Amino acid sequence: MLTTGIKNHLETFATKENCADSLGTGNVPVYATIMMIGLMEKTCLESILPYLEPGQDSVGTHVNVSHAKATPVGMKVWCDSELIEIDRRRLVFRVAAYDQRGLIGEGTHERFIIDKERFVEKTYAQV
């Protein structure tokens with residue numbers, strides 16, 4: 001059963017491939033904001049998957065985070081998440097990302113629980 005307080009922790013490394021200059025989101029070789037946000041989303045998603053019913057999944061619907069410090073290539077990066085609010089199918093998480101020197105970004109992330117089959121059918125019916 002989903003309850004507030006569910007936490008998760010995921011780790012990765014800043015590599016040339018996930019830096020802003022390689023992804024075209026900037027011109028410097030530092031861990032890209034889009035990669036930090038992706039790590040935050042993945043950390044939240046993986047925290048709730050064991051609690052979902054068969055056929056359910058979760059999609060990200062809102063991200064409100066800051067990316068305050070740059071991370072160089074080679075440094076470990078990790079994210080900690082905590083489920084802080086449940087409103088029927090809407091879930092709100094507190095997220096924080098770190099590198100080996102400290103906090104690099106933080107904020108909130110919102111996800112929505114969906115019926116996967118119905119969601120995909122509805123989405124592709126609009127094409």
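Residues numbered from 1 in each chain as written. Predicted model: local features only at pLDDT ≥ 70, side-chain atom pairs only at ≥ 80, totals over all residues. Heavy atoms only, no water.

Chemist: What is the right way to read the pairing of strand 3 (residues 76–87) from this model?
Modeler: Two faces belong to every sheet, and in a regular strand the side chains alternate between them. The pairing of strand 1 (residues 7–13) with strand 3 spans seven bridges and is antiparallel. Paired with Thr12 across the strands is Val77, a residue of strand 3. Examined bridge by bridge, strand 3 and strand 4 (residues 90–99) share 10 bridges and lie antiparallel to one another. Bridged to Ser81 within strand 4 is Val95. The turn linking strand 3 back onto strand 4 is made up of two residues, and Arg88 within it adopts a positive phi angle of 55°. (Pairing = 2+ DSSP bridges. Helix = DSSP H or I, 4+ residues; strand = E, 2+ residues; numbered from the N terminus.)

Chemist: What is the right way to read the confidence of the model for the protein from this model?
Modeler: Any residue range with low pLDDT should be treated as having predicted coordinates unsuitable for detailed reading. Across the protein, the average pLDDT comes to 98, with 100% of residues at or above 70. At the low end of the mean pLDDT range in the protein sits helix 3 (residues 116–125), at 96; at the high end sits strand 4, at 99. (pLDDT = per-residue confidence, 0-100.)

Chemist: It is not clear to me how the pattern of salt bridges should be interpreted in this structure. Could you clarify?
Modeler: Side-chain pairs of opposite charge can arise where the charged atoms are in close proximity. For the structure on display, the rule yields nine salt bridges. A salt bridge links Glu41 to Arg111, with the shortest nitrogen-to-oxygen separation between them at 3.4 Å. In this pair, Glu41 is assigned in helix 2 (residues 33–48) and Arg111 in strand 5 (residues 102–115), connecting sequence segments 70 residues apart. Each of the salt bridges in this network shares a partner with another, and the network as a whole consists of Glu85, Asp87, Arg88, Arg90 and Glu110. (Salt bridge = Lys/Arg side-chain N within 4 Å of Asp/Glu carboxyl O.)

Chemist: Whenever I open this one, the environment of Asp57 confuses me. Can you help?
Modeler: If you trace the backbone, Asp57 turns up in strand 2 (residues 56–67). Residues Asp57 and Lys16, 41 residues apart in the sequence, show an inter-C-alpha distance of 31 Å. In contact with Asp57, other than residues within four places in its own chain, are Leu45, Leu49, Leu52, Phe112, Ile113, Ile114 and Lys116. (Contact = heavy atoms within 4.5 Å.)

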